[in-house]
Number of protein chains: 2
Amino acid sequence: MSDIKRVIDIILQELAAAGAVAPARCACHGFAFDCCPQQVGGVLAAGATRLGLHASGGGAGEVAGLIDHTLLKADATASEVEKLCREAAEFHFATVCVNPTWVAFCARLLRGSGVGVCSVVGFPLGATTPDTKQYETRRVIFDGAAEVDMVINVGALKSGDLRLVERDIEAVTGVCRDASVVSKVIIEAALLSEEEKVAAATLTKAAGADFVKTSTGFGPGGATISDVMLMRRVVGDTVGVKAAGGVRDLEQMKAMVAAGASRVGASAGVRIVKESRGESVAEARPSAY
Amino acid sequence: MSDIKRVIDIILQELAAAGAVAPARCACHGFAFDCCPQQVGGVLAAGATRLGLHASGGGAGEVAGLIDHTLLKADATASEVEKLCREAAEFHFATVCVNPTWVAFCARLLRGSGVGVCSVVGFPLGATTPDTKQYETRRVIFDGAAEVDMVINVGALKSGDLRLVERDIEAVTGVCRDASVVSKVIIEAALLSEEEKVAAATLTKAAGADFVKTSTGFGPGGATISDVMLMRRVVGDTVGVKAAGGVRDLEQMKAMVAAGASRVGASAGVRIVKESRGESVAEARPSAY
């Protein structure tokens, strides 16, 4: 088994070096998480097969490695969160994405599984102060989060206070950078005009975030193809794009990846991976996100 | 002018001492905010006219003094928040209820108006950690909040972890008590079973909170008559009950007060006060909360 893994690793490294394909996880993933978005972005920009999803439907491992397996509803219970972690370990999702109150619990459950814990900050309204978001970020990192998805101050953006929007993003991304934790910036695109989307994505890139993310899943709309394309255009190849909200099956996920998404947030991850394997999806958990 | 105020104060004190009527604001309101819920509750329990709303439809001042004039949507702009404060000062609402990012702005605008600033903590999912909620509470108090509405950890309650629910509430109410700031505990009743509602209201009372509050306005349902009655039954006369979410006109507000509510959160405050004055409500702001 370890021989097979070694051979696969060598093949993936060779292919990655040739710029032909991105491994589902880069070689140093366990060491420094923030290397991944750039690599994935670089491969996408090179016109590669976008992680194999295009041509062949993608290997299940590749599909799962792009998904943040997500459960963010207020009334999620310990047993639901435990189930989420069990599924994540079984299907090898990139992370489980949970509210801050569950981070320590998930980190304990997922230790050694290769699945990270992602949490959310200033979620879902984004209307707390920068120092509160920073405190919340430190707390989830202390509890074991490897990735942090923060919501921008939408009201400040709409009021033209770009300085506050930038300071607010940096309050979170700075702490994440110090701790080698992946940062994602949720712009809640459904609430924004085209100009505001561009401004938000630009400030995200300027603040050194690892990803720009479309939506919280609690706003008036989820990820759209056009928003993902716009965000990819604005941030270029060095920043990841996460599509979240309403991605409920493999077809939608493929469309998001084709549009430029390098990560997808979904509660329908199990269904999506099963679809990619050609399995029945009847028993997959219905999506609430 | 100061003579008139003195006479009014004496009359209100006499009436309050006789238990005949509750002043819209108690005499010591400017000194210690947390005296109010008990007084209002006491008057209600004594079978009084529930602040005049029953018999006569209530004076506009009495109606307004029961309302937290609320704007909590993520994309609220500075000019919308400014309008909210202008309306609150004009109509003498109890508070403006805004997200943390707007507290300092509102406190500046409302200085000397007699209208307090209320903010929200762990809002609207309630799924952050107790220390994060405590930090957020300290921050909004620092910025000038006189009242704090926090959301309980719904997931912990549903998982049977009452100890965490209690610790979480106390993390906020303790800080509020130290600062003489009114605390309200949002149980998000629409997500709870009857037993869970009773447990949440009981823990709220045990934690020494000033109010128990029905809803965030972002959950699957708002305030209902039966929830307000249940909460009033559980917390008794020494804790306030705030009905929030979906209270859109005077009739609904009267029903909530009749059921035991001593405060109402609404974005339709202007409409409600105008209705109580018998004025046209055509130009009142439509409710989004």
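Worth saying up front: this structure is predicted, and the values here are computed from it rather than measured.

> Would you take a moment to explain the overall build of chain A for this structure?
From N to C terminus, chain A includes 13 helices and eight strands. Carbon together with sulfur atoms contributes 54% to the accessible area of chain A, which is approximately 11,200 Å² in total.

> What's the story with helix H11 (residues 225–235) of chain A in this structure? I'm lost.
Buried within H11 of chain A we find Asp227, Val228, Leu230, Met231, Arg232 and Val235 of chain A. Glycine 236 of chain A sits one or two positions beyond H11 of chain A and adopts a positive phi of about 70°.

> I keep staring at the sheet that holds strand S2 (residues 95–98) of chain B and nothing clicks. Help me out?
Pairing between the strands of a sheet is mediated by backbone hydrogen bonds and can be parallel or antiparallel. Residues and elements named next belong to chain B. The strand order S1-S2-S3-S4-S5-S6-S7-S8 describes a closed barrel built from eight strands, whose pairing is parallel. Strand after strand, the sheet turns through a mean of 25° between neighbouring axes, direction not considered. In the sheet, strand S1 (residues 67–71) pairs with S2 via four bridges, with the strands oriented parallel. Its bridge partner being in S2, leucine 71 is matched across the sheet by valine 98.

> Mind showing me how you'd approach the interface of chain A and chain B here?
For an interface, size is often stated in terms of accessible area lost upon the parts coming together. Taken residue by residue, the interface counts 30 residues in chain A and 30 residues in chain B. Both sides of the chain A and chain B interface together cover about 2,600 Å² of buried area, and 66% of this is carbon and sulfur. Broken down residue by residue, the surface that chain A buries against chain B is led by Ala74, Leu125 and Tyr135 of chain A, which jointly contribute 23%. Joining chain A to chain B, the criterion identifies two salt bridges. Linking chain A to chain B there are twelve residue pairs in polar contact (both at pLDDT 80 or more). When contributions to the side of chain A that touches chain B are tallied by element, the ones reaching two or more residues are helix H7 (130–142) and helix H8 (154–158) of chain A.

> What's the story with the state of the cysteines in this structure? I'm lost.
Disulfide: a covalent bond formed between the sulfur atoms of two cysteine residues. A complete count under the given rule lists zero disulfides over all chains for this structure. Cysteine 97 of chain A forms no disulfide, and the closest cysteine sulfur to it belongs to cysteine 118 of chain A, at a distance of 3.7 Å. Sulfur of cysteine 176 of chain B: no disulfide; nearest cysteine sulfur belongs to cysteine 118 of chain B and is 9.8 Å away.

> Is there a simple way to explain the sheet that holds strand S3 (residues 116–121) of chain A in this structure?
All names here are of chain A. Read once around its circumference, the closed barrel built from eight strands follows the order S1-S2-S3-S4-S5-S6-S7-S8, with strand pairing classed as parallel. Shown here is a sheet whose adjacent strand axes are inclined to one another by a mean of 25°, direction ignored. Docked against the sheet, helix H5 (residues 78–91) engages strand S1 (67–71) and strand S2 (95–98), running at close to 165° with respect to S1. Helix-sheet contacts for H11 involve strand S6 (211–213) and strand S7 (240–244), and the interaxial angle to S7 is about 165°.

> Can you walk me through the relation of the copies chain A and chain B in this structure?
Both copies of the chain are tied together by a single rotation about an axis and a shift running along it. When chain A is brought onto chain B, the operation consists of a screw motion whose angular component is 180° and whose axial shift is 0.0 Å, with 0.0 Å RMSD remaining. What we have between these two chains is a two-fold relation.

> Any chance you could explain the packing of aromatic side chains here in plain terms?
Each aromatic ring pair is specified by the distance between its two centres and by the angle formed by the two planes. Inspection of the entire model under this criterion finds seven aromatic pairs over all chains. Where tyrosine 135 of chain A meets tyrosine 135 of chain B, the ring centres are 4.6 Å apart and the plane angle is 15°; that geometry is what we call stacked. Residue tyrosine 135 of chain A is located in helix H7, and its partner tyrosine 135 of chain B is located in helix H7 (residues 130–142); the two belong to separate chains. Its end group placed over the ring of phenylalanine 211 of chain A, lysine 184 of chain A keeps NZ or CZ at 5.8 Å from the ring centre.

> Just checking my understanding: could you explain the packing of H7 of chain A against helix H9 (residues 162–178) of chain A for this structure?
Between two packed helices, the angle of one axis relative to the other and the distance separating the axes together describe the packing. All names here are of chain A. Where H7 meets H9, the closest approach of the two axes is 9 Å, and the angle between their N-to-C directions is 20°. Regarding the angle of H7 to H9, the classification is roughly parallel. For the crossing formed where H7 meets H9, the hand is right-handed. Along its contact with H7, which presents Pro130, Lys133, Gln134, Thr137, Arg138 and Ile141, the element H9 presents Leu164, Arg167, Asp168, Ala171, Val172, Val175 and Cys176. Of the residues contributing to the contact of H7 with H9, the split by class is seven nonpolar, two polar and four charged.

> I tried to follow the environment of valine 257 of chain B on my own but got confused; where do I start?
Among the secondary structure elements, valine 257 of chain B is positioned in helix H12 (residues 250–259). Between the C-alpha atom of valine 257 of chain B and that of glycine 122 of chain B, which follows or precedes it by 135 residues, the distance is 26 Å.

> I'm lost on the side chain of serine 215 of chain A in this one. Help?
All names here are of chain A. Tracing the backbone shows serine 215 in the loop between S6 and H11. On the basis of relative accessible area, serine 215 is assigned to the buried category, the value being 0%. Within the structure, serine 215 has its side chain in polar contact with the side chain of threonine 214 (distance 3.1 Å). For serine 215, the side chain forms a polar contact with the main-chain oxygen of glycine 222, separated by 3.5 Å.

> What is the right way to read the pairing of strand S5 (residues 182–186) of chain B from this model?
Put simply, side chains in a regular strand alternate between the two faces of the sheet. Residue and element names in this part refer to chain B. Burial analysis of S5 places five of its five residues in the buried class, the great majority of the element. What you see with S5 is no split at all: Val182, Lys184 and Ile186 on one side and Ser183 and Val185 on the other are buried throughout. Relative to strand S6 (residues 211–213), S5 runs parallel, the two sharing three bridges. Considered in S6, the bridge of valine 185 is made with valine 212. With helix H10 (residues 194–206) bridging S5 and its parallel neighbour S6, the resulting β-α-β unit is right-handed.

> Please explain the pairing of S1 of chain B as it appears in this structure.
Residues and elements named next belong to chain B. Counting buried positions along S1 gives five out of five residues, so the element sits mostly inside the fold. Alternating residues of S1 divide into Ile67, His69 and Leu71 and Asp68 and Thr70, and every residue in both groups is buried. Bridging between S1 and strand S8 (residues 263–266) involves three bridges; their strand directions are parallel. By the bridge assignment, isoleucine 67 is partnered in S8 with valine 264.

> Looking at this structure, how should I read the nonpolar core?
One broad trend across soluble globular proteins is that nonpolar side chains are buried collectively. The biggest cluster of nonpolar side chains holds 82 residues, and the ones touching the most others in it are Met253 and Ile272 of chain B. With six residues, helix H9 (residues 162–178) of chain B is the single largest residue contributor to this core. When near neighbours in sequence (up to four residues on either side) are disregarded, isoleucine 272 of chain B contacts Val63, Ile67, Val247, Arg248, Asp249, Leu250, Met253 and Ala266 of chain B. Membership of the second largest hydrophobic core comes to 81 residues, among which are Ala64, Val103 and Val273 of chain A together with Ala74 of chain B.

What counts and what doesn't
Residues numbered from 1 in each chain as written. Chains lettered and ligands numbered in written order. Predicted model: local features only at pLDDT ≥ 70, side-chain atom pairs only at ≥ 80, totals over all residues. Heavy atoms only, no water. Helix = DSSP H or I, 4+ residues; strand = E, 2+ residues; numbered from the N terminus. Areas by Shrake-Rupley, 256 points an atom, 1.4 Å probe, with all protein chains shown as cover. Buried < 20%, exposed > 50% of the residue type's maximum accessible area, 1.4 Å probe, protein only. Pairing = 2+ DSSP bridges. Axes fitted to C-alpha atoms, helices over the stretch in contact; angles between N-to-C directions. Contact = heavy atoms within 4.5 Å. Buried area = accessible area lost by both parts, 1.4 Å probe. Salt bridge = Lys/Arg side-chain N within 4 Å of Asp/Glu carboxyl O. Polar contact = N/O pair within 3.5 Å; in protein donor to acceptor, adjacent residues only side chain to side chain. Disulfide = S-S within 2.5 Å. Least-squares fit on C-alpha atoms with pLDDT ≥ 70 in both. Phe/Tyr/Trp six-rings, centres within 6.5 Å; stacked < 30°, edge-to-face > 60°. Lys NZ or Arg CZ within 6 Å of the ring centre and 35° of its normal. Parallel < 35°, antiparallel > 145°, perpendicular 65-115°, else oblique. Left-handed = near helix turned anticlockwise from the far one by under 90°. Nonpolar A, V, L, I, M, F, W, Y, C, P; charged D, E, K, R; others polar. Right-handed = clockwise from strand over helix to strand, strands pointing away. Core = buried A, V, L, I, M, F, W, Y, C linked by side-chain atoms within 4.5 Å.

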